[in-house]
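If you want the building blocks of each chain, they are given just below.
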Amino acid sequence: MPVIASARETRFLKFDPDNHVFLIDRAAYASPAVFEEEKRKVLYRTWIILGHDAEIAKPGDYVARRVIDKDLIFNRDQSGQVNVFFNTCMHRGTAVTKETCGNARTFVCPYHGWVYRDSGQLISAGNREADACYPMHYFKGGKDGISLQRIKNVAQRAGFWFVNFDDDAPPLDDYLAGAGLRLDRIAHQTAAGFEMIAGVHEYEIKANYKLLCENSYDGYHLRSVHSSYLEYMAAMFRESKMDPKLYGVQMSLGNGHGCFESPVMSGKPVAQWLPHWGEAARQLVEEKRREVISRVGAELGANVCDFSSNLVIFPNSIINDQQTVLARSIIPIAHNRMRVRAWSIAPKDEHPTLRKIRIENLLSFLGPGGFATPDDVSMLEWAQSAYESTDVRWNDFSKGMQPGQETMNCTDDMANETQIRAYWLKWDEMMSDSAD
């Protein structure tokens, strides 16, 4: 039986489906105290995207990055095991790597020279004289040895790795619910596996992190905010018989996750051709499309190739499967500031022509200087400024609301706001938990 979210009113939410009311208190974006509370109640208790298999493809590969406000090392050790450690020496606390990525068999603390294997075990306190000053069991491994502190809850789905800082975290697959199938859909693009596209886009936005989550699968703003891109695409299609119309659906996927999915002709190397790419590229795209369909079947293959998707995994993980597969990891810095780290993956066996198209597409739309991102950043920062400089209390998310709608798991018109209401219902549920 479907579970219908019932009307309720809390500190942050007014929800009355019978009367078409869904309002969120702007303190959820604008209050430093709320931000600190949600770190404890939401961010530290949910699965957050960390990285992808492609980043640590070889033994010794590692990435050092921040998740929420925790500095971590994500690596594959010499045995092939994937590890996630806190980036801090067990002696006096200095970070054991200042590099953002690389390949190393050991991590060496720069302060006193403590040396750790890439599996985390301490093997030296710097030199023989120093080693002699410590009990032998420090260097023996096992439960009595010294090792970099490991994150308990680490798991992957379809090559995407997640962490959860809550000791009582549910299994990742249970948490992902329907979002897990969306990750599987991305994995179907290639039988050869993925590799990283060199380079990372990193930039700051002076706005609450939840605004970027809302924006990322909000189909309502496309015509007004991204009109220049739509005009550009229309010009590209004037000489062809292809249909660039804007339409699609949005889905809430359980546990606050959601996406929108659209057959909009924005171009995908896997595998949607655009006329201005030329006939040589068309043959490559069609060849790729045939390969995908022969491997996964006609229905799923057509969905993988023909549809773009923006996925938000509650509360702050974003994966765009559009002109490329782009993961946006959000670091919430303050109630009104976030850092965005965007990185892209591509099939290992991708033809150089399609790889070039992929990178150009990525930069032209989703890149920091592309058609979409500067427009979006401006809107988010203007909204944040209004929250902090006006006395208006509520944001309205009632578009397309229907009495009896199964908000947490449903499909709706792309321009409605059901998936955003599902996000906020989950957020409010966690914030209303008396446990702290």
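Preceding block: the structure.
Cut-offs used in this document
Going along each chain's sequence as written, the residues are numbered from 1 onward. Side-chain atom pairs in this predicted model are given and counted only at pLDDT of 80 or more, local residue features only at pLDDT of at least 70, and totals for whole chains, interfaces and linings cover all residues. Values shown for side chains rest on all heavy atoms present in the structure; no hydrogens or waters enter the calculation. Helix numbering and strand numbering both begin at the N terminus, where a helix is a DSSP run of H or I of at least 4 residues and a strand a DSSP run of E of at least 2. We call two residues contacting when some pair of their heavy atoms lies within 4.5 Å. Exposure is judged per residue with a 1.4 Å probe applied to protein chains only, and the accessible area is read against the type maximum: over 50% gives exposed, under 20% gives buried, and values in between give partly exposed. The rule for pairing is simple: two strands pair if DSSP sees at least two bridges between them. Orientation is described by lines fitted to C-alpha atoms, with helices fitted over the stretch in contact, and by angles between N-to-C directions that extend from 0 to 180 degrees. Both cavities and pockets are sets of points on a 1 Å grid over the protein atoms alone; in a cavity a 1.4 Å probe fits but cannot get out, in a pocket the set is open with protein on both sides within 12 Å along at least five of seven lines, and lining residues sit with an atom within 4 Å of a point. Grid points are joined across faces, edges and corners, and a volume is the space filled by probe spheres set on the points.

Novice: Looking at this structure, I do not really get the environment of Gln149. What am I missing?
Specialist: Looking at the secondary structure, you find Gln149 in the loop between helix H3 (128-131) and strand S12 (153-157). Sequence separation between Gln149 and Val108 is 41 residues; the distance between their C-alpha atoms is 15 Å. The contacts of Gln149, once residues within four sequence positions are left out, are Val84, Phe85, Phe86 and Met90.

Novice: What is the right way to read the pairing of strand S4 (residues 48-52) from this model?
Specialist: Residues in a regular strand point their side chains to alternate faces of the sheet. Among the 5 residues that make up S4, 5 are buried, leaving the element largely enclosed by the rest of the structure. By the bridge criterion, 4 bridges tie S4 to strand S13 (residues 160-164) in an arrangement that is antiparallel. Bridging across to S13, Ile48 finds its partner in Val163.

Novice: Could you clarify how one ought to interpret the environment of Gly256 in this entry?
Specialist: As for its placement among the helices and strands, Gly256 is situated in the loop between strand S16 (249-253) and strand S17 (258-262). Counting along the chain gives 23 residues from Gly256 to Glu279, while the straight-line C-alpha distance between them is 42 Å. With residues near it in sequence (within four places) discarded, Gly256 still touches Tyr217, Phe314, Met408, Ala422, Tyr423 and Lys426.

Novice: Would you explain the sheet that holds strand S9 (residues 106-108) in this entry?
Specialist: Strands belonging to one sheet form pairs held by backbone hydrogen bonds; the direction of such a pair is parallel or antiparallel. One open sheet holds the 3 strands; their spatial order is S9-S10-S11, and the pairing between them is antiparallel. A strand with exactly one partner marks an edge of an open sheet, and here the two such strands are S9 and strand S11 (122-124). Between one strand axis and the next, the sheet turns through 35° on average, direction left out of account. When strand S10 (residues 115-117) meets S11, the two strands line up antiparallel, connected through 2 bridges. Looking across to S11, one finds that Tyr116 is bridged to Leu122.

Novice: Any chance you could explain empty space enclosed by the protein here in plain terms?
Specialist: A water-sized probe rolled over the atoms picks out the places where empty space is left. Evaluated as defined, the whole model comprises 4 cavities of 30 Å³ or more. Taken as a whole, the largest cavity spans an internal volume of roughly 60 Å³. In terms of lining, the largest cavity is formed by Ile48, Ile49, Leu50, Arg65, Arg66, Val67, Ile68, Asn316, Ser329, Ile330, Ile331 and Arg341.

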